[in-house]
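One-letter residues, chain by chain:
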Amino acid sequence: MGGSKRSRSGRKRANPVPNKISARQREEAEISRIEQSLLEVPRYSSRYQLFRPNRRQRAKKAMVEAAGEEEETQQHHIFRATRFTDFPLSSRTLDGLAAANYTELTGIQKTAIPQALAGRDILAAAPTGSGKTLAFLIPLLEILWRKKWNTLDRLGALILCPTRELGIQIFEVLRSVARRHTISAGLVIGGKDFEAEREKVARMNVLVATPGRLLHHMDHVIEFDCSNLQVLVLDEADRILDMGFAKTLDAIVANLPKERQTMLFSATQTKNVKSLARLSLKNPEYVAVSSRSNKDIAEAQNEAHPSETPSNGDKESNEIDVVGTPGGLRQSYAIIPGSEKLSVLWSFIKTHLKSKMIVFLSTGKQVRFVFETFCKLRPGMSLLHIHGNMKQLKRTDMYDLFCRTKSAVLFATDVASRGLDFPDVEWVIQADCPDDVGTYIHRVGRTARFKAQGRAMLFLSQGPEEAFLKRLESKNVQIHQTRINPQRITDITPRVAATVASNQELKKLAQKAFMFYIKSVYQQSDKDVFDVREIDYAKMAKSYGLSNVPKVSIKEQNNDKRQLAKRKNTTVFGYQLRQQNRGRALAEQHGDSSDDSEILTIRKSNAVLPATEEDVDEYNSGVQNGYNQRKRKKRKLDLLGKLPSANRLVFTDDGEAIRAGDIVESPSDNDTSDREHGGIEDYAAAVSRKLNKAAAEDRNLEKRRVQSLHSRRKVKDRERNKIAKERAVESSVHSISSAEEQESMMFSPLGEDEDSVSTASVEIEDAAKIEGDEKKALMILNS
Ligand SMILES: Nc1ncnc2c1ncn2[C@@H]1O[C@H](COP(=O)(O)OP(=O)(O)OP(=O)(O)O)[C@@H](O)[C@H]1O
């Protein structure tokens, strides 16, 4: 056909595209240029190290430093980048970033992106609101683009995050920066239509997912193939790696190829080698960036090496690396009596009517109670609430509404504490003390995001909670005391009491909020900070508008996981895994189990329980196990005549905790004979008496059953013998049987019949009747 065409005029025209490069060729040239420049990206490893260097590595480092090579590697142009355009990125990604108004790099983006682009495993820690999302999304897009990923290649990248709202948020950012890429991406989170997702999930190249829902797809969608996965990202990695998600994560990782790039991001990064080992990281780069002036603080952390042992109690000190709070954040705390918290909170809201704030509370029940009560008291600004047990649609509505609104209060559980990027939040109030420093860091991180300023206020109850300040101090969290002027506090207790008294629903809610709060304090593992015995129950109940203190009983279990594990001859880890399956406990912890009973039974656990409703959703496989365990336990209790354990703690109406074994109940009680005891020995004797009595009853029952079985069998035998005897007579008449047979029949068990007469007279009468009938029949035959 030739390389040229003729024009209409007949003149020979040169080929229009002899030198023009096709789009494909251009892209290939771009890929090879980028790959070339990434070949030289040096590792940080001589400065940023996750694992303690061995002697040889230390010697090598010393040599490198002596030769001044260290300086040289850090001078690589990629480390001097300040804008996205300084990085070797595809024009597709750069266009997407520009369109979304991202131009300058943040600290974590500067340090993490080059290492990630070079294909290395990464453990990244940077303060909240410092742009970690882009730090993993950009490399992920680039890696798939360089590999020319398309639909036929199936799943190429997977991003796991702990909550649904965070999943939605990450997906939105992905959509905005990947607008010029041709890959497909999907969002897989709980609370959405599974069937609708299942059709699409297998066709996606990138998935943003919560662990439970993803595992559900892995288990139920045959076509869902992850064997080609290139990149795995764990956002809020320490949360996903903790005990709450352990089982699900392990199951997910088992479905993924070992040859992949893994990236972990969080503001409170885990350095626990054991939990990291589950991800099979390959020589990971540890990238930590502090808030202050966005400078890397890896040098300071070089000495702080990860713990090899699972921690007990103070989780942060061993496992979690806290890289500080955002630079624009001012933090303060106030010490107030627990019973005055609601009044102080109300007064605070009333003096900040134009602000946008988040109020964190421990349980879903408290969130609902405070929200409903404050709504009724009408503070004069919008009130919203979000917690794990809300319907997903309502949850998303609340999230959207709070994002859009300029001034409002959002009452929330820790479901909203991680990763969420609500714009322009001015205040974060922690009305209840957070579980640990990690939770504190994430909660306050909902304000002062990126370059914004923000304020955080922590309410600590007088007493043990003040010890939380020491925890913050140990992690260099700068926090200042604010003294509350009593003159400026409006005591809302009478108004709350009147509102609660006039509304039965609210009263029930108040009771539950009270009980679940006590329970949440009791379940905390840091006993120096959280102590139920220090709570003034009467005052606390009064502040919730209740005239009586709701009864709360707590079943105490052994405090020490290790001891328990030892007794059960299992590892601590094994014990913790079993603990996670307690689905109901999870639901209760976050507020909204369906248990309406007045008396709440609390089982203590030191295991870190999943924190959100989706955990419950996602651990539904575990729920069945928990249910069976509870059923077994209930049967055991029934056997004990429903006697409680001697170690159980029971709270009196005055809030005093006493052991069940030490209770002397009133004579009016039904079980007085057994329960009137003054000490553990009497109590044990009572239990043992009860058990012996139950065992004796069981034995009698069994004896009677065996006896009746015997007598029935004898009657049957007798019947059989009668018939046999008849047949023998018959055979002698007709000469059918042999002589031996006749003999055996004649001497067969006739003697026993007499014994059984008394026990089965009715049957014998019948047998005699049959005998007579048969004889008649024979006679007729013979005649
Ligand atoms: N390079 C950038 N330029 C401008 N804005 C940015 C940049 N990187 C991130 N941001 C903005 O900063 C905010 C916080 O980012 P992001 O949510 O990624 O923080 P984070 O570190 O993941 O926080 P958290 O620890 O709470 O999850 C977002 O609003 C995001 O749009």
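Residues numbered from 1 in each chain as written. Predicted model: local features only at pLDDT ≥ 70, side-chain atom pairs only at ≥ 80, totals over all residues. Heavy atoms only, no water.

- An unreviewed UniProt entry annotates the protein as ATP-dependent RNA helicase originating from Gracilariopsis chorda.
- Among the UniProt annotations of the protein, the heading Sequence similarities (unreviewed entry) holds the following wording: "Belongs to the DEAD box helicase family."
- The UniProt entry for the protein carries the following comment under Catalytic activity (unreviewed entry): "ATP + H2O = ADP + phosphate + H(+)". (UniProt positions renumbered as here; feature names shortened; annotations may be inferred.)

1. Describing helix α1 (residues 23–38)
Part 1: Between the first and last C-alpha of α1 there are 23 Å, a value that for 16 residues agrees with the 22 Å anticipated at 1.5 Å per step.
Part 2: Glu30, Ile31, Ile34 and Leu38 are the residues of α1 that are buried. Looking straight down α1, one finds its buried side chains confined to an arc of 100 degrees; they lie on one side.
Part 3: On its buried side, α1 packs onto α4 (91–99), α5 (107–117) and α6 (132–146). (Helix = DSSP H or I, 4+ residues; strand = E, 2+ residues; numbered from the N terminus. Expected span 1.5 Å × (residues − 1). Buried < 20%, exposed > 50% of the residue type's maximum accessible area, 1.4 Å probe, protein only. Arc of directions from axis to C-beta. Contact = heavy atoms within 4.5 Å.)

2. Overview of the sheet that holds strand β12 (residues 329–336)
Part 1: Here we have seven strands laid out as an open sheet, ordered β14-β15-β13-β16-β17-β12-β18, and parallel in their pairing. Among the strands making up the open sheet, the edge pair consists of β14 (383–386) and β18 (480–481).
Part 2: Sitting on the sheet, helix α15 (residues 341–350) touches β12, β13 (356–360), β15 (408–412), β16 (427–430) and β17 (454–461), and the angle it makes with β17 is about 160 degrees. (Pairing = 2+ DSSP bridges. Axes fitted to C-alpha atoms, helices over the stretch in contact; angles between N-to-C directions.)

3. A look at the pattern of salt bridges
Part 1: One pass over the structure, following the stated rule, counts 21 salt bridges.
Part 2: Notably, a salt bridge pairs Glu165 with Arg395, separated by 2.8 Å at the nearest N-O pair. With Glu165 in helix α7 (residues 164–177) and Arg395 in helix α17 (residues 392–404), this residue pair connects regions lying 230 residues apart in the sequence.
Part 3: Assessed through its relative accessible area of 1%, Glu165 is described here as buried.
Part 4: Through salt bridges that share partners, Glu236, Asp238 and Arg418 make up one connected network. (Salt bridge = Lys/Arg side-chain N within 4 Å of Asp/Glu carboxyl O.)

4. A closer look at the sheet that holds strand β5 (residues 185–188)
Part 1: Spatial strand order, β5-β6-β4-β7-β8-β3-β10: seven strands in an open sheet with parallel pairing. Two strands lie at the open edges of the sheet, namely β5 and β10 (285–288), each paired on one side alone. Here the strands of the sheet are splayed against their neighbours by 15 degrees on average, with no regard to which way each runs.

5. Description of the environment of Ala116
Part 1: Along the polypeptide, Ala116 turns up in helix α5.
Part 2: Classification of Ala116 by relative accessible area gives buried; the value is 0%.
Part 3: Linking Ala116 and Thr262, residues 146 residues apart in sequence, is a C-alpha distance of 9.2 Å.
Part 4: With residues near it in sequence (within four places) discarded, Ala116 still touches Ile122, Pro139, Ile143, Gln261 and Met263.

6. Some remarks on the packing of aromatic side chains
Part 1: Inspection of every chain in the model, using the stated rule, returns 10 aromatic pairs.
Part 2: Taking the centre distance of 4.9 Å and the plane angle of 85 degrees together, the rings of Phe348 and Trp427 count as edge-to-face. Note that Phe348 is positioned in helix α15 and Trp427 in strand β16, a separation of 79 residues in sequence.
Part 3: Take Phe348: its relative accessible area is 11%, and that puts it in the buried class.
Part 4: By way of ring pairs, the aromatic residues Phe369, Phe514, Tyr537 and Tyr544 are connected into one cluster.
Part 5: The side chain of Lys356 reaches across the aromatic face of Phe402, ending 5.0 Å from its centre.
Part 6: Note that Lys527 overlies the ring of Tyr522, its terminal NZ or CZ placed 5.3 Å from the centroid. (Phe/Tyr/Trp six-rings, centres within 6.5 Å; stacked < 30°, edge-to-face > 60°. Lys NZ or Arg CZ within 6 Å of the ring centre and 35° of its normal.)

7. Here we look at the nonpolar core
Part 1: If you look at the biggest cluster of nonpolar residues, it comprises 71 residues, and the most contacted ones within it are Phe84, Ile108, Ile159 and Phe265.
Part 2: Looking at this core element by element, the count peaks at 10 residues for α6.
Part 3: In this structure, this core is formed jointly by two domains, domain 1 (24–322) and domain 2 (329–494), each of which donates at least three residues.
Part 4: Apart from residues lying up to four places away in sequence, Ile159 is in contact with Phe136, Leu137, Leu140, Ile170, Val206, Leu207, Val208, Ala209 and Val233. (Core = buried A, V, L, I, M, F, W, Y, C linked by side-chain atoms within 4.5 Å. Domains from an automatic or database assignment.)

8. A word on the site of the ligand
Part 1: Around the ligand sit 19 residues, and of these Glu104, Gly129, Lys132, Thr133 and Asp421 come closest.
Part 2: Between the ligand and the protein, one listed contact pairs an oxygen atom with a side-chain N or O atom of Tyr102 at 3.1 Å.
Part 3: Ser130 places a polar main-chain atom, nitrogen or oxygen, 3.1 Å from an oxygen atom of the ligand.
Part 4: Alone, the ligand offers 630 Å² of accessible surface; in the complex the protein occludes 88% of this. (Near = heavy atom within 4 Å. Polar contact = N/O pair within 3.5 Å; in protein donor to acceptor, adjacent residues only side chain to side chain. Areas by Shrake-Rupley, 256 points an atom, 1.4 Å probe, with all protein chains shown as cover.)

9. A closer look at the environment of Asp121
Part 1: Here Asp121 is to be found in the loop between α5 and β3 (122–125).
Part 2: Residues contacting Asp121, with those up to four places away along its chain left out, are Arg260, Gln261, Thr262, Ser280, Leu281, Lys282, Pro284 and Glu285.
Part 3: Among the polar contacts listed, one links the side chain of Asp121 to the backbone nitrogen of Lys282, at a separation of 2.7 Å.

10. Description of the side chain of Arg449
Part 1: Among the structural elements, Arg449 can be located in the loop between α18 (437–444) and β17.
Part 2: Within polar-contact distance, the side chain of Arg449 engages the side chain of Asp421 at 2.4 Å.
Part 3: When neighbours within four sequence positions are excluded, Arg449 is seen to be in contact with Thr128, Gly129, Gly419, Leu420, Asp421 and Phe422.

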